[in-house]
Structure formats: C-alpha cells, structure tokens
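Each chain, written out:
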Amino acid sequence: ALKINFPDLVAYPITDEAYKVSAEWLILACNWNNNQNKNVGIFKKQALVIVNYGDASGKEIFEFSEAIRESVHEKFNILLEREVCII
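Residues numbered from 1 in each chain as written. Predicted model: local features only at pLDDT ≥ 70, side-chain atom pairs only at ≥ 80, totals over all residues. Heavy atoms only, no water.

1. Quick word on the environment of Val-72
In step 1: Secondary-structure assignment places Val-72 in helix H3 (residues 58-76).
In step 2: Along the sequence, Val-72 and Ile-27 sit 45 residues apart, while their C-alpha atoms lie 6.5 Å from each other.
In step 3: If near-sequence neighbours (up to four positions away) are discounted, Val-72 is found in contact with Leu-26, Ile-27, Cys-30, Asn-77, Ile-78 and Leu-80. (Helix = DSSP H or I, 4+ residues; strand = E, 2+ residues; numbered from the N terminus. Contact = heavy atoms within 4.5 Å.)

2. A word on the nonpolar core
In step 1: Formed by 16 residues in total, the largest nonpolar core has its most connected members in Leu-26, Ile-27, Trp-32, Val-72 and Phe-76.
In step 2: Among the elements of the structure, helix H2 (23-29), strand E4 (40-43) and H3 are those that each provide at least two residues to this core.
In step 3: If near-sequence neighbours (up to four positions away) are discounted, Phe-76 is found in contact with Leu-2, Phe-6, Trp-25, Leu-26, Ala-29 and Cys-30. (Core = buried A, V, L, I, M, F, W, Y, C linked by side-chain atoms within 4.5 Å. Buried < 20%, exposed > 50% of the residue type's maximum accessible area, 1.4 Å probe, protein only.)

3. Some points on the pattern of salt bridges
In step 1: Taken as a whole and judged by the stated rule, the model has three salt bridges.
In step 2: Arg-69 serves as the salt-bridge partner of Glu-66, at 3.1 Å between the closest nitrogen and oxygen. Of this pair, Glu-66 and Arg-69 both sit in helix H3, three residues apart, which is roughly one turn of that helix.
In step 3: Overall, Arg-69 belongs to the buried group, its relative accessible area being 15%.
In step 4: Note that Glu-66 is salt-bridged to Arg-82, the shortest N-O span being 2.4 Å. Taken together, the positions of Glu-66 in helix H3 and Arg-82 in the segment after H3 put the pair 16 residues apart, joining distant regions of the chain.
In step 5: On the accessibility criterion, Glu-66 (21% relative accessible area) is partly exposed.
In step 6: Residue classification places Arg-82 among the partly exposed residues on the basis of a relative accessible area of 32%. (Salt bridge = Lys/Arg side-chain N within 4 Å of Asp/Glu carboxyl O.)

4. Topic: the sheet that holds strand E3 (residues 36-37)
In step 1: The sheet built from three strands is open, its strands ordered E3-E4-E5 with antiparallel pairing. With partners counted over all chains shown, the strands left at the sheet margins are E3 and strand E5 (46-52), one partner each.
In step 2: The pairing of E3 with E4 spans two bridges and is classified as antiparallel. Bridging from a neighbouring strand, Asn-37 pairs with Val-40 of E4.
In step 3: Seen against the sheet, H3 touches E3, E4 and E5 and runs at an angle of roughly 55 degrees to E4. (Pairing = 2+ DSSP bridges. Axes fitted to C-alpha atoms, helices over the stretch in contact; angles between N-to-C directions.)

As structure tokens, this is what we get:
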C-alpha cells in the first residue's frame, strides 16, 4: 500500500506478503537530511547516524531521535526501532 502512495519507496521482500522498508529512505523522506538541532544532528553521509556535534546531553540526543521516529510514524505509520551504538 505504501508503494502506491510513495512509488520511490525502497523496500526489500522478505516473503510474498512482507517487506523490509529502508529506514534511511523513511528518514530522508521526512526531510531529516542535513538536519541539526543545536548540538545534535543527522550525519551528512548516513541518515541512520545521529551525531553529537558539541556538548549535547543524552536527553537531547534521545529527544532528537524521538522526533525522527514520530515524524516517520506520522507520515508512514511505521515505528522505527532504535539500534543504539555509542562511540
């Protein structure tokens, strides 16, 4: 059904009835590319990476990620899961 409304949607078939949808495509389709809020932002080369560009707190990073999740859920009715890796 999403493919009808969003023909350029990137998705990979898992079964005849299930697809894995590209989280990066969803994030970019919600205009999060090159988005930065104070010291937290999306990595310019990979939309799945959130970067602390300064002294952002863990709370600020979490809230930024939550805003991304909410916008994707609102537009596509898909709830992204976090895959946290702190480096």
